[in-house]
Amino acid sequence: MIRIPFNRPFATGKEIDYIRDAIATPKLSGDGAHTTQCHTLLEQSLGIQKALLTTSCTHALEMAALLLNMAPGDEVILPAFTFPSTANAFVLRGARPIFVDVRADTLNIDESQIEQRITDRTKAIFVVHYAGVGCEMDTILAIARRHVLAVVEDNAHGLYGRYRGRYLGTFGQLAALSFHETKNFSSGEGGALLINDAQFNQRAEVLREKGTDRSRFFRGEVDKYNWIDVGSSYLPSELLAAFLRAQLEHRGQIQSMRRETWENYARELASWAETNGARLPIIPPECEQSYHMFYLIMPSFESRQALISHLAALGILAVFHYLPLHLSPMGLRFGGCEGDCPVTENLADRLLRLPFFTGMSSSEQAQVIDAVRAFRC
Ligand SMILES: *Cc1c(COP(=O)(O)O)cnc(C)c1O
């Protein structure tokens, strides 16, 4: 029996009021008052010029690939340690993923290996801020400038994390957020595209609205709306935006709860980790993390599996994370080979994520800590 889940959705209490308001208005399709409010909350809190809610982070990444005119023959550089959506976004357009290994400390793309993978077909660099700890953006942006490449941030984990004081999601021309149930802020399923280069504003609205200029029509800027480009249906309903609005408005509360839980794990497990050859997450001094997850790097694959079983026997659900993408069935079709990304291959086998969610009680967390401390590698 699971006593402590890996994740449990959190609600602030205000969600139901906003959903009731959407029903009473009545406006349930996309881009009503709650969606607009979410856009404003994201734009003002991050200091960016435009945010658009989407149905998922996956869809926001797909929009980024469309906005960058990805086409067959193009190559895109990305870390081998990420979720398939980071790659699928441009693979759907016929572009080819070029997997780069990750850094052993943060599990972010190893910026020192990017330049050697750039060819005259390279179109963009897609980075992932793993666990909401920023990639080495100064170096990555300099490489992108030198080779005139776009940078897209898959910031599914990192909303309100910072790198050198600047919010993650504000570095690339485009960035994607996730509001999936397992992320810091949620609407069950959901996402957002952050647009840091205003040249994409108008086309992004069109792609999101089935290739039409309906957004401009609703603002009264055109007197009829028409099919003007490719596109799809990427806007969430007002019911989801209403839920998300409550979450975004409680940003301070949610982040401080997560911070306390994260810091408690780090403090209480430090000496156990040291004695057992495990390591806790490393947060470089230039990064302020988003408190998205708490992971352990175990000494070996066997000890990782043994700790998962030990915790499961006590009713605690701990899980591993991404399998190296270059060695997945799809990655192999793109020519991935064992040994291409040795750090990814090694760490993916040893990483374990502990239960971590907004609203985890201190007694739940104490049970997890006691259970981990009772385990010997
Ligand atoms: C969760 C996640 C996604 C997908 O998010 P959805 O909103 O479920 O589409 C993409 N990339 C990363 C790194 C993720 O963690």
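> Report on the sheet that holds strand β1 (residues 50–54), specifying residues and quantitative values.
Strand order across the open sheet formed by seven strands is β1-β9-β8-β5-β4-β2-β3, with mixed pairing between neighbours. Taken across any chain shown, the strands that pair with only one partner, and hence form the sheet edges, are β1 and β3 (96–100). Taking the axes of each pair of neighbouring strands and ignoring which way they run, one obtains an average angle of 20 degrees across the sheet. Judged from the five bridges that link them, strand β4 (residues 122–128) and strand β5 (residues 150–154) form a sheet pairing that is parallel. Along β5, the bridge assignment pairs F126 with V152. Helix-sheet contacts for helix α4 (residues 84–91) involve β2 (75–79), β3, β4 and β5, and the interaxial angle to β2 is about 175 degrees.

> Which residues make up the site of the ligand, and what values do they have?
Inspection of the region around the ligand gives 14 residues, with T58, D154, H157, S178 and K183 positioned closest. A distance of 2.5 Å separates an oxygen atom of the ligand from a polar side-chain atom of T58. Measuring from an oxygen atom of the ligand, one finds a backbone N or O atom of G190 at 3.4 Å. In isolation the ligand has 380 Å² of accessible area, and contact with the protein removes 92% of it. Assessed atom by atom at 2 Å from the grid points, the ligand resides in the largest pocket. When the residues that make up the shell around the ligand are grouped by side-chain class, the tally is five nonpolar, seven polar and two charged.

> Which residues make up the side chain of Q365, and what values go with them?
With respect to the helices and strands, Q365 occurs in helix α13 (residues 362–373). When residues no more than four places from it in sequence are discounted, the contact partners of Q365 are T261, N264, Y265 and M360.

> Hey, could you go over the sheet that holds strand β7 (residues 166–167) for me, with residue numbers and the actual values?
Reading across from one edge, β7-β6-β10 is the order of the three strands in this open sheet, with antiparallel pairing throughout. Either end of the sheet is taken by a strand with one partner, and the two such strands are β7 and β10 (287–288).

> Can you break down the pattern of salt bridges residue by residue, with the values?
With the rule as written, the count across this model stands at 24 salt bridges. A salt bridge links D17 to R20, with the shortest nitrogen-to-oxygen separation between them at 3.4 Å. Remark: R20 and D17 occur in helix α1 (residues 15–24); sequence separation between them is three residues, near one turn of the helix. What makes D17 partly exposed here is its relative accessible area of 34%. Across the salt bridge formed by R164 and E136, the nearest N and O atoms sit 3.9 Å from each other.

> Any details on the domain arrangement of the chain? Residues and values, ideally.
The domain architecture assigned to the chain consists of domain 1 (15–250) and domain 2 (252–373). With centres defined by C-alpha atoms, the gap from domain 1 to domain 2 works out at 25 Å. Tallying the contact residues gives 38 residues for domain 1 and 36 residues for domain 2. The contact between domain 1 and domain 2 buries some 3,200 Å² in all, and 62% of this surface belongs to carbon and sulfur atoms. Its largest share of buried area at the contact with domain 2, domain 1 owes to F81, N184 and H250, together 19% of the area lost on that side. Inspection of the domain 1/domain 2 interface yields one salt bridge. R162 is paired through a salt bridge with E288; the nearest N and O atoms lie 3.7 Å apart. Across the domain 1-domain 2 interface, the total number found is 19 residue pairs in polar contact (both at pLDDT 80 or more). Among the elements of the structure, α4, β3 and β6 (162–163) are those that each provide at least two residues to the side of domain 1 that touches domain 2. At four residues, β3 tops the list of elements feeding residues into the side of domain 1 that touches domain 2. Residue classes in the side of domain 1 that touches domain 2 are distributed as 19 nonpolar, 11 polar and eight charged.

> Tell me about helix α3 (residues 57–67), residues and numbers included.
Of all the 11 residues making up α3, nine are buried; the element is thus mostly covered by neighbouring parts of the structure. Of the positions making up α3, those classed as buried are C57, A60, L61, E62, M63, A64, A65, L66 and L67. In this structure S56 caps α3, since a side-chain oxygen of it lies 3.4 Å from the backbone nitrogen of T58. Just downstream of α3 lies N69, where phi reads positive at about 55 degrees.

> Outline empty space enclosed by the protein, listing residues and values.
Scanning the entire structure with this criterion turns up five cavities of 30 Å³ or more. Counted as a void, the largest cavity has a volume near 70 Å³. In terms of residue class, the lining of the largest cavity is built from three nonpolar, five polar and four charged. The volume enclosed by the second largest cavity comes to roughly 50 Å³.

> Residues and numbers for unusual backbone geometry, please.
That bond from T25 to P26 is cis: its omega, -20 degrees, falls within 30 degrees of zero. Relative to the assigned elements, P26 resides in the loop between α1 and α2 (33–46). Backbone geometry at Y160 places phi at a positive 75 degrees, although glycine is not the residue there. A positive phi is found at R164, a non-glycine position, where the angle reads about 45 degrees. Counting through the fold element by element, R164 comes out in the loop between β6 and β7.

> Account for a nonpolar patch on the surface, with residues named and values stated.
Side chains of I23, L28 and L239 sit close together on the surface and give an oily, nonpolar patch of about 260 Å² of accessible area. Topologically, I23 is positioned in helix α1.

Cut-off values and rules
- Residues numbered from 1 in each chain as written.
- Predicted model: local features only at pLDDT ≥ 70, side-chain atom pairs only at ≥ 80, totals over all residues.
- Heavy atoms only, no water.
- Pairing = 2+ DSSP bridges.
- Helix = DSSP H or I, 4+ residues; strand = E, 2+ residues; numbered from the N terminus.
- Axes fitted to C-alpha atoms, helices over the stretch in contact; angles between N-to-C directions.
- Contact = heavy atoms within 4.5 Å.
- Near = heavy atom within 4 Å.
- Polar contact = N/O pair within 3.5 Å; in protein donor to acceptor, adjacent residues only side chain to side chain.
- Areas by Shrake-Rupley, 256 points an atom, 1.4 Å probe, with all protein chains shown as cover.
- 1 Å grid on protein atoms, 1.4 Å probe; cavity = no way out; pocket = protein on both sides within 12 Å on 5 of 7 lines; lining within 4 Å.
- Sits in = over half its atoms within 2 Å of the grid points.
- Nonpolar A, V, L, I, M, F, W, Y, C, P; charged D, E, K, R; others polar.
- Salt bridge = Lys/Arg side-chain N within 4 Å of Asp/Glu carboxyl O.
- Buried < 20%, exposed > 50% of the residue type's maximum accessible area, 1.4 Å probe, protein only.
- Domains from an automatic or database assignment.
- Buried area = accessible area lost by both parts, 1.4 Å probe.
- Points joined across faces, edges and corners; volume = space filled by probe spheres on them.
- Patch = residues over 30% accessible without salt bridge, like charges linked within 9 Å, V, L, I, M, F, W, Y side chains within 5 Å.

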